[in-house]
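What follows is each chain in one-letter form.
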Amino acid sequence: PAVDIASQGIGVVVPGMKPDAIAAFFLDNDIPILGTVADNVFTLDLMTVFDRDIAVIARRIDDLLEAAGEG
């Protein structure tokens, strides 16, 4: 817990949607996707993502944008 590990993340921001609502959207799925909310942004940490997970995450992002009227 006392060691910082460098990583990269993808921030997911949808105009008019709070980060907590975005986090809930990603968790409410057949395959829940866990991210963090910090500095008012929902972030997916890429250190925790396997190559096989990318298609699932991409589809869920598409679902989010469609539900928000952005897609």
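Residues numbered from 1 in each chain as written. Predicted model: local features only at pLDDT ≥ 70, side-chain atom pairs only at ≥ 80, totals over all residues. Heavy atoms only, no water.

Caption draft 1: Local environment of a nonpolar patch on the surface. The grouping of V3, I5 and M47 at the surface amounts to a nonpolar patch, some 340 Å² of accessible area in total. One can find I5 in the segment before β1 (9-12). A residue is classified by how much of its surface remains accessible, and I5, at 61% relative accessible area, is exposed. (Patch = residues over 30% accessible without salt bridge, like charges linked within 9 Å, V, L, I, M, F, W, Y side chains within 5 Å. Areas by Shrake-Rupley, 256 points an atom, 1.4 Å probe, with all protein chains shown as cover. Salt bridge = Lys/Arg side-chain N within 4 Å of Asp/Glu carboxyl O. Helix = DSSP H or I, 4+ residues; strand = E, 2+ residues; numbered from the N terminus. Buried < 20%, exposed > 50% of the residue type's maximum accessible area, 1.4 Å probe, protein only.)

Caption draft 2: Representation of the environment of F42. Positionally, F42 belongs in strand β3 (residues 41-45). With relative accessibility at 0%, the residue F42 sits in the buried group. Not counting residues up to four positions away in its chain, the partners in contact with F42 are I10, G11, V12, P19, I22, A23, F26, G35, T36 and V37. (Contact = heavy atoms within 4.5 Å.)

Caption draft 3: The arrangement of helix α2 (residues 54-67) in detail. The terminal C-alpha atoms of α2 lie 20 Å apart, and with 14 residues this matches the ideal 20 Å at 1.5 Å per residue to within 8%. V56, I57, R60 and L64 are the residues of α2 that are buried. Viewed end-on, α2 has its buried residues packed into an arc of 95°, placing them on one side of the element. In the core, the buried residues of α2 are packed alongside β1, α1 (19-27) and β3. At the C-terminal side of α2, G69 shows a positive phi close to 75°. (Expected span 1.5 Å × (residues − 1). Arc of directions from axis to C-beta.)

Caption draft 4: Seen up close, unusual backbone geometry. Unlike most non-glycine residues, D39 shows phi in positive territory, near 55°. Within the secondary structure, D39 sits in the loop between β2 (36-38) and β3. For D39, a relative accessible area of 78% puts it in the exposed group. Here N40, not a glycine, exhibits a phi torsion of approximately 65°, which is positive. As for its placement among the helices and strands, N40 is situated in the loop between β2 and β3. By relative accessible area, N40 is classed as exposed at 63%.

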